[in-house]
Amino acid sequence: MPEKETVERAKKDKREGKAASTQAGEFVREEIEHVREGKHGARSTKQAIAIGLSKARRAGVNLSPPKNASKETREQAARDSRKGKSPAKGKTSAKRSRATLAALKREGHSAASKKALSRQAHKAAAKRSAASRSRSAKKAAATRKK
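Residues numbered from 1 in each chain as written. Predicted model: local features only at pLDDT ≥ 70, side-chain atom pairs only at ≥ 80, totals over all residues. Heavy atoms only, no water.

A closer look at the nonpolar core
Formed by V28, I32, V35, A42, A48, A111 and A112, the largest nonpolar core amounts to seven residues. No other element matches the three residues that helix α2 (residues 20-37) contributes to this core. Filtering out sequence-adjacent residues up to four positions away, V35 remains in contact with H40, G41, A42, A48, G108, H109 and A112. Listed in part, the six residues of the second largest apolar core include F27, A56, V61 and L63. (Core = buried A, V, L, I, M, F, W, Y, C linked by side-chain atoms within 4.5 Å. Buried < 20%, exposed > 50% of the residue type's maximum accessible area, 1.4 Å probe, protein only. Helix = DSSP H or I, 4+ residues; strand = E, 2+ residues; numbered from the N terminus. Contact = heavy atoms within 4.5 Å.)

Structure follows, in structure tokens:
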């Protein structure tokens, strides 16, 4: 369950007309913080990001499923999005919830280190074309406070 402040920040982003990925970024930030403060761990930085994106979808952020992911991942993302559109009915299985948290607690915390996040960002950027990187840099520069 995402924290109240995180949901509020995401709603504020939506009101300001920001992109869905920006809204989802709040949930990813929360997840990284959870790993850092020792609430639970993550096997990799990608896993921590994936958990954050899943929480965002379930909270109603309109994120499309990843295009170049496996069939299972796309299906799970679609399920998360459906869950975010309809109000929650039925209780989450306490046994499953505990098992998930126990598994995450066994994982390490270095996935949220500055170095790991930097490495992940670098790898993600390298997959993009130069034109795509340039375009987003220009967009960022245009939205920067003067």
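Thoughts on the packing of helix α1 (residues 4-15) against α2
Two numbers describe how α1 lies on α2: the axes approach to 8 Å, and their chain directions differ by 165 degrees. Taken together, the axes of α1 and α2 are roughly antiparallel relative to one another. Crossing of α1 over α2 shows right-handed handedness. Listed contacts from α2 to T6, V7, R9, A10, D13 and K14 of α1 are T22, Q23, E26, F27 and E30. For the contact of α1 with α2, a count of residues per class yields three nonpolar, three polar and five charged. (Axes fitted to C-alpha atoms, helices over the stretch in contact; angles between N-to-C directions. Parallel < 35°, antiparallel > 145°, perpendicular 65-115°, else oblique. Left-handed = near helix turned anticlockwise from the far one by under 90°. Nonpolar A, V, L, I, M, F, W, Y, C, P; charged D, E, K, R; others polar.)

Brief notes about the side chain of Q23
Residue position: Q23 is located in helix α2. Reaching out from Q23, the side chain makes a polar contact with the backbone oxygen of K18 at a distance of 3.1 Å. When residues no more than four places from it in sequence are discounted, the contact partners of Q23 are A10, D13, K14, K18 and V61. (Polar contact = N/O pair within 3.5 Å; in protein donor to acceptor, adjacent residues only side chain to side chain.)

With respect to the environment of S93
Along the polypeptide, S93 turns up in the loop between α4 (71-85) and α5 (94-105). Among the residues examined, S93 registers a relative accessible area of 37% and is labelled partly exposed. A distance of 3.2 Å separates the side chain of S93 from the backbone nitrogen of R96, its partner in a polar contact.

Examining the side chain of D13
Within the secondary structure, D13 sits in helix α1. With sequence-adjacent residues up to four places away left out, D13 is seen in contact with K18, T22, Q23 and E26.

Examining the pattern of salt bridges
A complete count under the given rule lists twelve salt bridges for this structure. K12 is the partner of E16 in a salt bridge, and the nearest nitrogen-oxygen pair spans 3.2 Å. Between K71 and E75 there is a salt bridge, with its nearest N and O atoms 3.4 Å apart. Here K71 and its partner E75 are both found in helix α4, four residues apart, which amounts to about one turn of the helix. For K71, a relative accessible area of 56% puts it in the exposed group. Taken together, the shared-partner salt bridges connect K12, D13, E16 and K18 into one network. (Salt bridge = Lys/Arg side-chain N within 4 Å of Asp/Glu carboxyl O.)

Function-wise, these values are silent; they only describe arrangement.
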